[in-house]
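One letter stands for each residue in the lines below.
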Amino acid sequence: MGSWVWGFVTDFFTYETTKSVVVKSWSVGIINRIVQLLIITYFVCWVFIHEKAYQSTDTGIESSVMTKVKGFGYHHNHVMDVADYVSPPQGAGVFCIMTKLIITENQFQGKCAETGKRFSCNTDEDCHKHLGSILSNGVITGTCLNSSDGSKGMCEIEGWCPAENDGVVVMPMLDVNNFTIFIKNSIRFPLFNVTRGNFPSTMNSSEIKSCKYNPDTNPFCPIFRVGDVLNYTGQDVENLAAKGGEIGINIEWKCNLDLSIDYCVPKYSFTRLDEPFSRNAVSKGYNFRFAKYFKTENGTDFRTLHKAYAIRFDVMVTGNAGRFDTVPTLINLVAAFTSIGLGAVLCDLILLNFLKGAEQYKAKKFEEVSDAQIEASLAQSPGSLVSLKGGIKSSCDSGAMSLAASDQQL
């Protein structure tokens, strides 16, 4: 027990110092330099040049979007203007252009027959199974209204009558293809107090009215033709007008503030947001309902119900800005210099485990020196350093040991 304790104490009060062993091996040397070169290339090309790790970055972009749609189209033999087909009318970053309307006029509160085929019936019992249904146009009363011509009847509802029939065939408004969308976007990077707008301040009103966005010839024009936007997403108005859809317009700001502020400009991209549902058997497209309410002369309320199929546009703003900063630069430089040492770790693994001369390398690399050995060596040659073993060569640097290719079998 005492010897175990004494061994633990002597092992605890030890000191390890680095011993340099120069291994003159082509294979290990080439591996070492290749690993170092790969690490340096990674930090220079990816970390510093591509990721700009020498910069502090502001990702908390503040943004404001204002939109305006213009154009005229024909629907239900009526000329439709912006007030008829745009919802909501406030010009926000999310808006809809209605392409098809199913209109149910003069609805009054009362009881009437349902219109959906699933609510057909022969007896009242057939309607009882629909009690509490949320798929009807009103509250199911449980009564079956039989048809006068002897065909199947329909369940009775209580609500706005006559019930909406959304199975009617209505031609969509294809003139939406030539409508235009004006987008006004201002952004701010609060960390650097930098503000920018999505079109040049030098652009005058006549230039704005006459330009159309084109990613190659006119990338900073704020007016987008709807047909072009759909084409950029791989869609066309014929596919979207009948059932509706959702289109995303992304404004990306990536600003390197080490350069001139004039290079901080937006980049537009377009995508169909509801693409995962476009091939589904149900829930295709985009639609919503709204109503316009009126009163008769005697004060009775009635309404006109609209079921609108629309193309919904979501204007999304993303981005970040970066500027040189000493702190991240130093942190990444230290990480780069530290990582270069991985080459030595890999070479040590190879030398210690995979080469024929591994045991010889271990003997040269790891050596235990005790006080007794030092005293014995000093007693043999007083005033001199510990003598080197035969066969080991001393390099001209600070005491490093050099192993020649003849000293080990590689």
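Residues numbered from 1 in each chain as written. Predicted model: local features only at pLDDT ≥ 70, side-chain atom pairs only at ≥ 80, totals over all residues. Heavy atoms only, no water.

**Things to note about the overall build of the protein chain**
The test is simple: Each helix is a run of DSSP H or I of at least 4 residues and each strand a run of E of at least 2, with the numbering of both proceeding from the N terminus. Think of it in three bands: with a 1.4 Å probe and only protein chains considered, a residue is buried below 20% of the maximum accessible area for its type, exposed above 50%, and partly exposed in between. Any two residues whose heavy atoms approach within 4.5 Å at even a single point are treated as in contact. To be clear on the numbers: accessible area is Shrake-Rupley with a 1.4 Å probe, and residue cover counts the displayed protein chains and nothing else.
What the protein chain contains, in helices and strands, is 11 helices and 19 strands. Evaluated residue by residue, the protein chain yields a buried proportion of 36% over its 410 residues. Taking all contacts inside the protein chain whose residues are at least 6 apart in sequence as the whole, residues at least 24 apart take part in 69%. Put simply, the protein chain shows about 25,400 Å² of open surface, and 57% of that area lies on carbon and sulfur atoms.

**Quick notes on the packing of helix 9 (residues 342-353) against helix 10 (residues 358-365)**
Note the threshold: Lines fitted to the C-alpha atoms define the axes, with helices restricted to the stretch that makes contact. Angles between their N-to-C directions range from 0 to 180 degrees. Any angle that is under 35 degrees is reported as roughly parallel, and any over 145 degrees as roughly antiparallel; angles of 65 to 115 degrees are reported as roughly perpendicular and all others as oblique. Residue polarity is assigned by list, with Asp, Glu, Lys and Arg as charged and Ala, Val, Leu, Ile, Met, Phe, Trp, Tyr, Cys and Pro as nonpolar; anything else, Gly included, falls into the polar class.
At their nearest, the axes of helix 9 and helix 10 sit 6 Å apart, and the two run at 120 degrees to each other. In terms of orientation, helix 9 and helix 10 fall into the oblique class. Contacts from Asp 348, Leu 351, Leu 352 and Asn 353 of helix 9 reach helix 10 at Ala 358, Tyr 361, Lys 362 and Lys 365. Classifying every residue of the contact of helix 9 with helix 10 by side-chain character gives 4 nonpolar, 1 polar and 3 charged.

**Examining the environment of Leu 101**
Note on placement: Leu 101 falls in strand 7 (residues 94-113). Spatially, the C-alpha atom of Leu 101 lies 9.0 Å from that of Met 171, the residues being 70 residues apart in sequence. Residue contacts for Leu 101: discarding those within four places in its chain leaves His 75, His 76, Met 80, Val 170, Phe 290, His 306, Lys 307 and Ala 308.

**With respect to the pattern of salt bridges**
Note the cut-off: The term salt bridge refers to a side-chain nitrogen of Lys or Arg lying within 4 Å of a carboxyl oxygen of Asp or Glu.
The final tally for this structure, using the stated rule, is 8 salt bridges. Across the pair Asp 228 and Arg 225 runs a salt bridge whose closest N-O atoms are separated by 3.0 Å. Accessibility expressed as a relative area gives 24% for Arg 225, which makes it partly exposed. Here Arg 312 makes a salt bridge to Asp 314, at a shortest N to O gap of 3.0 Å. Via salt bridges that share partners, Glu 164, Asp 166, Arg 289 and Lys 307 belong to a single interconnected network.

**What to know about the state of the cysteines**
How we decide: The disulfide criterion is simple: two cysteine sulfur atoms within 2.5 Å.
The full count for this structure, using the stated rule, is 5 disulfides. Each disulfide of the protein chain joins two cysteines, and with those cysteines numbered along the sequence the arrangement is 1-6, 2-4, 3-5, 7-8, 9-10.

**Brief notes about a nonpolar patch on the surface**
For clarity, the cut-off: Note that patches include only residues with greater than 30% relative accessible area and no salt bridge, and the join distances are 9 Å for like charges and 5 Å for nonpolar side chains (Val, Leu, Ile, Met, Phe, Trp, Tyr).
There is a patch of nonpolar side chains on the surface, built from Trp 4, Val 5, Trp 6, Phe 8, Val 9, Phe 12 and Phe 13 and spanning about 860 Å² of accessible area. In this fold, Trp 4 is placed in helix 1 (residues 2-12).

**Concerning helix 8 (residues 326-340)**
Threshold: What a helix is expected to span follows from its residue count: subtract one and scale by 1.5 Å. Throughout, the arc means the angular range of directions from the helix axis out to the C-beta atoms. Any pair of nitrogen or oxygen atoms within 3.5 Å is treated as a polar contact; in protein, a donor-acceptor pairing is required on top of that, and neighbouring residues in sequence qualify only through side-chain atoms on both sides.
End to end, helix 8 covers 21 Å across 15 residues, agreeing with the expected 21 Å (1.5 Å per residue, within 8%). Taken together, the buried positions of helix 8 are Pro 328, Thr 329, Asn 332, Ala 336 and Ser 339. Take helix 8 and look down its axis: the buried residues cluster within an arc of 100 degrees, on one side only. Facing away from the buried side of helix 8 by more than 90 degrees, the exposed set consists of Val 327, Ile 331, Val 334, Phe 337 and Thr 338. The N-cap residue of helix 8 is Asp 325: its side-chain oxygen and the backbone nitrogen of Val 327 are 3.4 Å apart.

**Describing the nonpolar core**
Selection criterion: The set of buried Ala, Val, Leu, Ile, Met, Phe, Trp, Tyr and Cys residues whose side-chain atoms join them within 4.5 Å is what this entry labels a nonpolar core.
Judged by nonpolar contacts, the single largest core of 46 residues is most densely connected at Tyr 85, Ile 97, Trp 253 and Phe 313. Counting only elements with at least two residues in this core, the list comes to strand 3 (62-70), strand 7, strand 11 (180-189), helix 6 (226-232), helix 7 (237-241), strand 14 (245-256), strand 15 (266-272) and strand 17 (301-324). Of the residues forming this core, the biggest block, 7 residues, is contributed by strand 17. By size, the runner-up hydrophobic cluster in this structure holds 11 residues, among which are Cys 112, Cys 121, Cys 127 and Ile 157.

**Here we look at unusual backbone geometry**
Note the cis peptide between Ser 87 and Pro 88, where omega equals -10 degrees. Note on placement: Pro 88 falls in the loop between strand 6 (86-87) and strand 7. If you check the backbone angles, Asn 77 has positive phi at about 60 degrees while not being a glycine. Judged by its relative accessible area of 80%, Asn 77 falls in the exposed class. Not every positive phi belongs to a glycine, and Asn 106 is a case in point at roughly 55 degrees. Inspection of the secondary structure assignment puts Asn 106 in strand 7. Taking the relative accessible area as the measure of exposure, Asn 106 reaches 44% and is therefore partly exposed.

**Points about helix 10**
When helix 10 is considered as a whole, its buried residues turn out to be Ala 358, Tyr 361 and Lys 364. Seen end-on, helix 10 carries its buried residues on one side only, within an arc spanning 125 degrees. Of the exposed residues in helix 10, those oriented more than 90 degrees away from the buried face are Glu 359 and Ala 363.

**Re the packing of helix 2 (residues 26-50) against helix 8**
Condition: The hand of a helix crossing depends on one turn: near helix anticlockwise from the far one by less than a right angle means left-handed, and clockwise means right-handed.
Running from N to C, helix 2 and helix 8 point in directions that differ by 160 degrees, and their axes come no closer than 9 Å. Classed by the angle they form, the pair helix 2 and helix 8 counts as roughly antiparallel. Taken as a pair, helix 2 and helix 8 cross one another with a handedness that is right-handed. Taken together, the residues of helix 8 that come into contact with helix 2 (itself represented by Gln 36, Ile 39, Ile 40, Phe 43, Val 47 and Phe 48) are Asn 332, Leu 333, Ala 335, Ala 336, Ser 339 and Ile 340. In terms of residue class, the contact of helix 2 with helix 8 is made up of 9 nonpolar, 3 polar and no charged.

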